[in-house]
Amino acid sequence: MSAAKDYIRPIDFKRGRVDLTHGSGGRAMAQLIDELFLAAFDNDWLRQLNDQACFSVPAGRLVMATDSHVVSPLFFPGGDIGCLAVHGTVNDVAMAGAKPLYLSAGFILEEGFPLSDLKRIVESMAAAARQAGVPIVTGDTKVVEQGKGDGVFITTTGIGVVPADVRVSGDRARPGDKILLSGTLGDHGVAIMSLRENLSFGTSIASDTAALHELVAAMLAAVPDIHCLRDPTRGGLGATLNELARQSGVGMHIDEAALPIRTEVAAACEFLGLDPLYVANEGKLVAICAPEDADRLLAAMRAHPLGREAAVIGEVRADPHHFVQMTTSFGGSRIVDWLSGEQLPRIC
Amino acid sequence: MKKKQGQRPRQHEEQPMGIPYVDEFRDGRLARKIAAAIAAAVRPARQYRFMEFCGGHTHAIYRYGLEDLLPANIQMIHGPGCPVCVLPMGRIDDAIALARTPGVILASYADMLRVPGSNGTSLMKARAAGADVRMVYSASDALQLAVAHPDRQVVFFAIGFETTTPPTAVVIREAARLDLDNFSVFCNHVLTPPAMRAILETGDELGLDGFVGPSHVSAVIGTRPYDFVAADYRRPVVISGFEPLDVLQSVLMLVRQVNDGRVEVENEFSRAVDAEGNRKAQALMTELFELRPSFEWRGLGQIPASALRIRAAYAAFDAEQRFPVPAQAVPDHKACECGAILRGVKRPRDCKVFGTACTPDQPIGACMVSSEGACAAYYNYGRFKDVAVAGQA
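Caption draft 1: Broad picture of the pairing of strand E12 (residues 301–304) of chain B. Residue and element names in this part refer to chain B. Judged from the four bridges that link them, strand E11 (residues 294–297) and E12 form a sheet pairing that is antiparallel. Looking at E12, one finds that Trp 297 is bridged to Gly 301. As consecutive antiparallel partners, E11 and E12 are separated by three residues, and within that stretch Gly 299 has a phi angle of approximately 90 degrees, a positive value.

Caption draft 2: Up close: the sheet that holds strand E8 (residues 237–240) of chain B. Residues and elements named next belong to chain B. Strands sit in the order E2-E1-E7-E8-E9 across an open sheet of five strands; the sheet is parallel. Looking along the sheet, the strands with just one partner apiece sit at the ends: strand E2 (74–81) and strand E9 (265–267). Each strand of the sheet is rotated relative to its neighbour by a mean of 25 degrees, with strand direction disregarded. In this sheet, E2 lies alongside strand E1 (residues 48–54) in parallel orientation, the contact comprising six bridges. The residue of E2 that forms the bridge with Phe 50 is Met 76. Of the strands in this sheet, E1, E2, strand E7 (210–214) and E8 are in contact with helix H2 (residues 55–63), which crosses E1 at around 120 degrees. Lying on the sheet, helix H11 (residues 244–260) is in contact with E1, E2, E7, E8 and E9; it crosses E8 at an angle near 165 degrees.

Caption draft 3: Fine view of the interface of chain A and chain B. In this assembly, 32 residues from chain A lie in contact with 47 residues from chain B. Of the roughly 3,300 Å² buried between chain A and chain B, counting both surfaces, carbon and sulfur atoms make up 59%. Counting across the interface, chain A meets chain B through two salt bridges. With its nearest N and O atoms 3.8 Å apart, the salt bridge here joins Arg63(B) to Asp275(A). Put simply, chain A and chain B have five residue pairs in polar contact (both at pLDDT 80 or more) between them. At the level of elements, helix H8 (263–272) and strand E13 (333–335) of chain A are the ones that each hand at least two residues to the side of chain A that touches chain B. Among the elements that line the side of chain A that touches chain B, the one with the most residues is H8(A), at four residues. Here the side of chain A that touches chain B is composed, by residue class, of 13 nonpolar, 12 polar and seven charged.

Caption draft 4: Highlighting the packing of helix H3 (residues 81–94) of chain A against helix H4 (residues 115–132) of chain A. Residue and element names in this part refer to chain A. Packing of H3 against H4 brings their axes to within 7 Å, and their N-to-C directions diverge by 35 degrees. Every pair of crossing elements has a handedness; the one defined by H3 and H4 is right-handed. Residues Ile 81, Gly 82, Cys 83, Ala 85, Val 86 and His 87 of H3 pack against Ile 121, Ser 124, Met 125, Ala 128 and Ala 129 of H4. Residues of the contact of H3 with H4, tallied by class, amount to eight nonpolar, three polar and no charged.

Caption draft 5: A look at the nonpolar core. Ranked by size, the top nonpolar core spans 105 residues in total, and within it Phe156(B), Phe157(B), Phe183(B), Phe289(B) and Trp297(B) carry the most contacts. Apart from the residues within four sequence positions on either side, Phe289(B) is in contact with Thr165(B), Thr168(B), Ala169(B), Ile172(B), Cys187(B), His189(B), Leu308(B), Arg309(B), Ile310(B) and Arg311(B). Phe13(A), Phe75(A), Ile81(A) and Val143(A) belong to the second-largest nonpolar core, a separate cluster that totals 41 residues.

Caption draft 6: Broad picture of the pattern of salt bridges. Taken as a whole and judged by the stated rule, the model has 35 salt bridges over all chains. Here Lys119(A) ties to Glu123(A) by a salt bridge, and the two come within 3.0 Å at their closest N and O atoms. Here Lys119(A) and its partner Glu123(A) are both found in helix H4, four residues apart, which amounts to about one turn of the helix. Given the relative accessible area of 27%, Lys119(A) is considered partly exposed. Residue Glu123(A) is classed as partly exposed on the basis of its relative accessible area of 40%. The salt bridge involving Arg271(B) is made with Asp246(B); its shortest N-O contact spans 2.8 Å. On the criterion of sequence distance, the pair formed by Arg271(B) in the loop between E9 and helix H12 (279–288) and Asp246(B) in helix H11 is long-range, its members being 25 residues apart. On the basis of relative accessible area, Arg271(B) is assigned to the partly exposed category, the value being 37%. Residues participating in the shared-partner salt-bridge network are Asp260(B), Arg262(B), Glu264(B) and Glu266(B).

Caption draft 7: Seen up close, the packing of helix H1 (residues 28–41) of chain B against H11(B). Residues and elements named next belong to chain B. Axis separation between H1 and H11 bottoms out at 10 Å; the angle between their running directions is 15 degrees. By the criterion of interaxial angle, the relationship of H1 to H11 is roughly parallel. For the element pair H1 and H11, the recorded crossing hand is left-handed. Of H11, the residues touching H1 (which contributes Leu 30, Ala 31, Ile 34, Ala 37, Ile 38 and Ala 41) are Leu 245, Leu 248, Gln 249, Val 251, Leu 252, Val 255 and Asn 259. Here the residues of the contact of H1 with H11 are counted per class, giving 11 nonpolar, two polar and no charged.

Caption draft 8: Structural view of the environment of Gly55(B). All names here are of chain B. Inspection of the secondary structure assignment puts Gly 55 in helix H2. We classify Gly 55 as buried; its relative accessible area is 3%. Sequence separation between Gly 55 and Met 196 is 141 residues, and the spatial gap between their C-alpha atoms is 14 Å. Excluding residues that lie within four positions of it along the chain, Gly 55 makes contacts with Gly 81, Cys 82 and Glu 372.

Caption draft 9: Spatial organisation of unusual backbone geometry. Residues and elements named next belong to chain A. Cis geometry is found at the peptide bond from Ser 72 to Pro 73, where omega equals 0 degrees. Mapped onto the elements of the fold, Pro 73 is located in the loop between strand E1 (61–69) and strand E2 (75–76). With phi around 60 degrees, His 322 is a residue other than glycine that occupies positive phi space. Assignment of secondary structure puts His 322 in the loop between strand E11 (311–317) and strand E12 (324–327).

Caption draft 10: Spatial organisation of the confidence of the model for chain B. Residues and elements named next belong to chain B. On average, residues of chain B score 89 in pLDDT, and 93% of them are at 70 or above. Here residues 1–16 is modelled with pLDDT under 50, and outside its nearest four sequence neighbours on either side it reaches 16 contacts, counting other chains as well. If you check the scores for this complex, the pTM reads 0.83 and the ipTM reads 0.73.

Caption draft 11: Representation of the packing of aromatic side chains within the structure. This structure, assessed with the given rule, holds 14 aromatic pairs over all chains. On the basis of an interplanar angle of 45 degrees and a centroid distance of 4.7 Å, the ring pair of Phe37(A) and Phe107(A) is categorised as tilted. Here Phe107(A) lies in strand E4 (residues 99–110) and Phe37(A) lies in helix H1 (residues 27–41), a separation of 70 residues in the sequence. A relative accessible area of 6% means that Phe37(A) is categorised as buried. Look at Phe107(A) and you get buried, because its relative accessible area is 2%. Seen in terms of ring centroids, Phe354(B) and Tyr379(B) are 5.9 Å apart; in terms of plane orientation they differ by 70 degrees. Their pairing is edge-to-face. With a gap of 25 residues between them, Phe354(B) in the loop between helix H14 (338–342) and helix H15 (374–382) and Tyr379(B) in helix H15 connect regions that are remote in the sequence. Judged by relative accessible area, which is 12%, Phe354(B) ranks as buried.

The rules behind each value
- Throughout, a residue's number is its position along its own chain's written sequence, starting from 1.
- Naming scheme: in the order in which they are written, chains are lettered from A and ligands are numbered from 1.
- Per-residue local features are limited, in this predicted model, to residues with pLDDT of at least 70; the limit for side-chain atom pairs, both in listing and counting, is 80 or more; totals at the level of whole chains, interfaces and linings are taken over all residues.
- With hydrogens and water excluded, all non-hydrogen atoms of the structure serve as input to the side-chain values.
- DSSP bridges decide pairing: two strands pair if at least two such bridges lie between them.
- Secondary structure elements follow DSSP: runs of H or I no shorter than four residues count as helices, runs of E no shorter than two count as strands, and numbering proceeds from the N terminus.
- In this analysis an axis means a line fitted to C-alpha atoms, helices contributing only their contacting stretch, and an angle means the value between N-to-C directions, from 0 to 180 degrees.
- We call two residues contacting when some pair of their heavy atoms lies within 4.5 Å.
- Reported buried area values correspond to the accessible surface (1.4 Å probe) lost by two parts on association, with both partners' losses combined.
- The salt bridge definition used is simple: a Lys or Arg side-chain nitrogen within 4 Å of an Asp or Glu carboxyl oxygen.
- For this analysis, a polar contact is any N or O atom pair within 3.5 Å, provided that within protein one partner can donate a hydrogen and the other can accept it, and provided that sequence-adjacent residues contribute only side-chain to side-chain pairs.
- The nonpolar class holds Ala, Val, Leu, Ile, Met, Phe, Trp, Tyr, Cys and Pro. Asp, Glu, Lys and Arg form the charged class, and all remaining residues, Gly among them, are polar.
- In a left-handed crossing the near helix is turned counterclockwise from the far helix by less than a right angle, and in a right-handed crossing that turn is clockwise.
- By nonpolar core we mean a set of buried residues, namely Ala, Val, Leu, Ile, Met, Phe, Trp, Tyr and Cys, connected to one another through side-chain atoms within 4.5 Å.
- Burial classification: accessible surface area is computed with a 1.4 Å probe over protein chains only, and a residue below 20% of its type maximum counts as buried, one above 50% as exposed, and the rest as partly exposed.
- Throughout, the term roughly parallel applies to angles under 35 degrees, roughly antiparallel to angles over 145, roughly perpendicular to angles from 65 to 115, and oblique to all others.
- Confidence of the prediction at every residue is given by pLDDT, a number between 0 and 100.
- Under the pairing criterion, centres of Phe, Tyr and Trp rings, with the six-membered ring standing for Trp, must be within 6.5 Å; the plane angle then separates stacked pairs below 30 degrees from edge-to-face pairs above 60, leaving the rest tilted.

Rendered as structure tokens:
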């Protein structure tokens, strides 16, 4: 069941570090694959030890998505780059209304990276994939010289299948449609920021990183004709709504008072001068549906553990300028615009 | 001014997710009550023109859509109170030159990184081209960089009004105590009252009826330095907090002063500001800094005694003494109206390049870069109103 054991001493995962031989294609690389990746991800496809995975696909339209993960820090409250790499791609596939089937994983490791950390990351990845029921069936490892990477970069690609009657797409939002959000905003971004160099602050907020495909399946069971789905990751809700507005050629109008935001997240954003609308999430989705389906969709979301705090946050409107507007808690209105570059803290 | 009893509003039961001491000042119902009081107080036949000096207020006005809550005959005019916007292009070029000096790490507040210098450069572009520019969140982070990199010269690009000056003073004194020979400050701290005087000296060009005064600055210098605005120029001032309810309440106080024919410096932000300010911070500023005879402001030109430089006793920590700094005056881009906008003479949408050649992604002027800049605030939060106006026409 494993590669031929033509090496003698097992890898020292406690004290060892990644070195250039781990990416050289030689014995050390075979050993790393065997003792780490195969052991953690173990499944029928990987065990065949081919350079690719061969599988049959059920009927329907195929969906494919890929995502590279370069997060810093690698470990954060509520997760790490490993589970994030699984959740991110599973979610990208799921946002087409698809059932995710398989994942591939590419690792770029920096020379000197502790093997203990790599093991932690790979095991977290394996656990996330197992929990999601989406096996990692093929992969690749490269090692770059010290200083040419940031510890570890992971690229994952996912494949899934969309049932014939599902037509979720970012260009299907129509005036009058309702906009729903599955839960609180900004948890992931604040959890990450709380550990950044020069910025560390104590918080009980953990990343919301999670695989959303089962929530999506429950939503589609209740409302098969969901018009749009998207996970508001980088750029937050603000960027996601602008993307959907542009794709569909419509405007959006949201209500600030309806947005679920945890006190700790709001407080951290206040302190840093950031707007939670633009802070990243990794376990939330935005759904857009016909107004008559909104109550049913909301009920289905709230019945799922990952959608317990779901809310209707606004509606789609006709607008040739594709503005995303927000009624503030004051009753005034403003634009929720694209972010210019990165959100930066204010001086005073 | 006597402290009012019960100044701090009560917590609201129906806001379980709220932040104590912040949400109280963002209560929509209370806002509508104040807005109704303003609407009842204004005289319909009269125009009220108030300048919010500080970019923090401009930001709050747009972010919370406060203009929608004000009667049509109240006009808010955006003032020069954004430390990023008022720094002239020549000083940005100087900072870029410092960043390019071999062996130097330039530590800067994040807002400054994207501000264009001449020839389309910026600290961000200098960094991409190899200069070692680090984004810091505080002056003490810059000092820490110097401690961590004894083999490099760390220059802190210090900017800001009286609010950010005391922290700069603290790190210079700390660097002296640690006897650090690799830390210096490129000092660009400017003062609020001279800028306000410069605006008032432009005469009646603006037809101002009063000022929403800066509160964070006043927490340091107190309210007394604004007495001249009322005494010499006969304009009311209300020192205002930055929360949306603070701004609305301050506008109401200004309307009442105008209606009553009163000209006073009032303090809406009494929860943190008094007449004298923070004496310890003032003493520290006096110990470390002295007035520059004159300093150039973007949009306002040279203003005498309006900025600070490091005293001779601390010259070892003055980047302008330690490094050759070009110190050239550079005119603003011809099409850019930042100057007129900073003086309150023009509004962002009056600028020909607003929203076309000049956007937050491709800024020409500093007003479009800083989150507190009038153009950026208007572009990011308010520009849909132009479309609505055009649609009606």
